[in-house]
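Read off the chains here:
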Amino acid sequence: MREQSWVAGPAILMLVLAACSSDGTSDSPEAGDAEPADEQTEPAEDAPDPVELPQAENSPKEDVPSALDDMNNPEFPEPLLDTADIMSGGPPPDGIPAIDEPKFEKVEDVNWLEDTEAVLAVEINGDARAYPFRVMMWHEIVNDTVGDVPIAATYCPLCNSGVAFDRRVGDRVLDFGTSGRLHASNLVMYDRQTESLWPQLTGEAAVGVMTGTQLDFIPISPVGWADFREAHPDGWVLSRDTGHSRDYGANPYAGLDTDPNRDPAFGSTEDDDRLPPMERVIGVHGQDESVTIVRSDLAEAGVLTETLDGEPLVAFHADGQASALEAGSVSGGSDIGTVAVFDPTVEGEELTFSKDGDMFTDEQTGSTWDIFGRAVDGPLEGERLDERPFIDTFWLTWLPADPDTRIIGG
């Protein structure tokens, strides 16, 4: 591998600047050929107003040096990244505003999402939330509390990566904003308590007083709206009532994922030609290693099995999710399907699976499982596979998080 020096082109810079503009227009070179943005569907007249759900109290700001002010402050621990590789994405800190007081609608009241439209799905202690890409595209971070757990639900459009973290670190409850900076095209968050810098794909503070602190990953996965709606009829959906004026439904990054051989928007610190730069991959972190599943191979196979840190994992693929980055509208992209990664062990027995339509069947009992890892029919009905946190992203944006990753497929 060799170090690369990348500079973002003017068109790509315009994409990022569009995401912090008030009118949501885009100068993307592909946008002119893309499908027009969705009309903004108004809520049904009898729909209840969005509600604020109970939230954890954030810890206060601390009197410590800020990495937003000076990444090379000598009072900081040794940075985990070369600070020269952390570059401006265009907007200033919080120029793309995180959502700090999220409002939600019940699933049954939502009439403004298309069936295959992508949402980020998380469930903690029976509390299920959907964060629509059409909202996340413009805000990137939601500081939320789900099932009594304070989390950050995050999305980096340039990486197509949805990641969630537990915001608790020791006795602190952190909350996060967008720093306006990128590392290898990836969102760099900052915590508002110490203003340390955290690349999204690693969830580890890389610069600042909290350098070396690792957040716990929370399983979160992009799925089609119809799948979430069916699986979680009592769930909650992040509202478009954010306090900001954005063209929710439009995609300011149109065409970003149409060419696997295209260079990443703001480059990568690694050069590894095992896969095309913008190949869609599924990255799974372990304790001692990581694996990279080539998404197109998983789509063809339906099911792939592997080991990570010596433990089994299984990956599923099912149709029903549109690419959020292909067309001029978030809902207008091609169906790229939904992926999920699980521990296939139930009651001490490792199950083996095969694809059956958009469902999955285990060889041991013949039970039927859905994309959420729930047994919906057969002897194991009611059982659920343990989710493995994963990241659905592009090869050269995933690679810097673990350059020694092992590839499955490709």
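In this report, we go over the structure that sits alongside the text. (Residues numbered from 1 in each chain as written. Predicted model: local features only at pLDDT ≥ 70, side-chain atom pairs only at ≥ 80, totals over all residues. Heavy atoms only, no water.)

**Overview of the overall build of the chain**
In terms of regular secondary structure, the chain is built from five helices and 30 strands. Counting all 410 residues of the chain, 57% fall into the buried class. Contacts spanning at least 24 positions in sequence make up 66% of the contacts within the chain whose residues lie at least 6 apart. Taken as a whole, the chain presents about 16200 Å² of accessible surface, with 43% of it coming from carbon and sulfur. (Helix = DSSP H or I, 4+ residues; strand = E, 2+ residues; numbered from the N terminus. Buried < 20%, exposed > 50% of the residue type's maximum accessible area, 1.4 Å probe, protein only. Contact = heavy atoms within 4.5 Å. Areas by Shrake-Rupley, 256 points an atom, 1.4 Å probe, with all protein chains shown as cover.)

**Comments concerning the pairing of strand 18 (residues 290–294)**
A large share of strand 18 lies buried, amounting to five of its five residues. Neither face of strand 18 is open: one carries S290, T292 and V294, the other V291 and I293, and all of them are buried. Sheet topology note: the strand 17 (residues 280–285)/strand 18 ladder contains five bridges and is antiparallel. In the sheet register, V281 faces strand 18, and the bridge partner there is V294. The turn joining strand 17 and strand 18, which pair antiparallel and follow one another in sequence, is formed by four residues. Here strand 18 runs beside strand 30 (residues 406–408); their pairing, made up of three bridges, is parallel. By the bridge assignment, I293 is partnered in strand 30 with I408. (Pairing = 2+ DSSP bridges.)

**Regarding the sheet that holds strand 1 (residues 51–52)**
Ordered in space as 1-3-16-5-4-15, the six strands form an open sheet in which the pairing is mixed. Unpaired on one side and paired on the other, strand 1 and strand 15 (221–224) mark the two borders of the sheet. Direction of pairing for strand 5 (residues 127–132) relative to strand 16 (residues 236–238): parallel, over a ladder of two bridges. Along strand 16, the bridge assignment pairs R129 with W236.

**Some words on the environment of G332**
Tracing the backbone through its elements, the reader meets G332 in the loop between strand 20 (311–318) and strand 21 (338–343). You can call G332 partly exposed: its relative accessible area is 22%. Sequence separation between G332 and N251 is 81 residues, and the spatial gap between their C-alpha atoms is 9.4 Å.

**Comments concerning the sheet that holds strand 26 (residues 368–369)**
Reading across the sheet, the four strands line up as 24-25-26-27 and stay open at both edges, with antiparallel pairing between neighbours. A single partner strand is all that each edge strand has here, and the edge strands are strand 24 (353–356) and strand 27 (375–377). Where strand 26 lies against strand 27, two bridges are found, and the strand directions are antiparallel. What sits directly across from T368, in strand 27, is D377.

**Brief notes about the pairing of strand 24**
Note that strand 24 and strand 25 (residues 359–362) share four bridges and pair antiparallel. Bridge assignment links D356 to a residue of strand 25, and that residue is M359. Turn length for the strand 24-strand 25 hairpin, with the two strands adjacent in sequence and antiparallel, is two residues, and the turn residue G357 shows positive phi of about 70°.

**Focus: the pattern of salt bridges**
On inspection of all chains with the given rule, the structure shows 18 salt bridges. One salt bridge in this structure joins D100 and R192, with 2.7 Å as the shortest N-O distance. Taken together, the residues span a long stretch of sequence, with D100 in the loop between strand 2 (86–88) and strand 3 (103–106) and R192 in the loop between strand 12 (186–191) and strand 13 (197–199) at a distance of 92 residues. As a salt-bridge pair, D166 and R168 come within 2.8 Å of each other at their nearest N and O atoms. Residues participating in the shared-partner salt-bridge network are D94, D100, D175 and R192. (Salt bridge = Lys/Arg side-chain N within 4 Å of Asp/Glu carboxyl O.)

**With respect to the side chain of T194**
Tracing the chain through its elements places T194 in the loop between strand 12 and strand 13. Residue classification places T194 among the buried positions, given a relative accessible area of 1%. A polar contact of 2.8 Å, which involves the side chain of T194, links it to the side chain of S196. Those residues in contact with T194 that sit more than four places away from it in its chain are E62, V64, P65, S66, R172, V209 and M210. (Polar contact = N/O pair within 3.5 Å; in protein donor to acceptor, adjacent residues only side chain to side chain.)

**Side note on the nonpolar core**
Membership of the largest hydrophobic core comes to 61 residues, with the highest contact counts inside it found for Y131, M137, I151, L158, F176, W198 and L238. At six residues, the largest contribution of residues to this core is made by strand 7 (residues 149–156). Excluding residues that lie within four positions of it along the chain, F176 makes contacts with A98, D100, I141, N143, A152, R167, M189, Y190, D191, R192, W198 and L215. Counting residues in each nonpolar core, the second largest holds 29 residues, with A128, A231, V346 and W369 among its members. (Core = buried A, V, L, I, M, F, W, Y, C linked by side-chain atoms within 4.5 Å.)

**A few points about the environment of K103**
The residue K103 is located in strand 3 in this model. Take K103: its relative accessible area is 24%, and that puts it in the partly exposed class. As a C-alpha pair, K103 and V237 span 134 residues in sequence and 8.4 Å in three-dimensional space. Excluding anything up to four places from it in sequence, K103 contacts P50, V51, E52, V237, L238, S239 and D241. At 3.4 Å, the side chain of K103 forms a polar contact with the side chain of D241.

**Notes on unusual backbone geometry**
Phi at N160 takes a positive value of approximately 55°, unusual for a residue other than glycine. Relative to the elements of secondary structure, N160 occurs in the loop between strand 7 and strand 8 (161–166). Judged by relative accessible area, which is 9%, N160 ranks as buried. Positioned with a positive phi, E195 is a non-glycine residue whose angle comes to about 55°. One can find E195 in the loop between strand 12 and strand 13.

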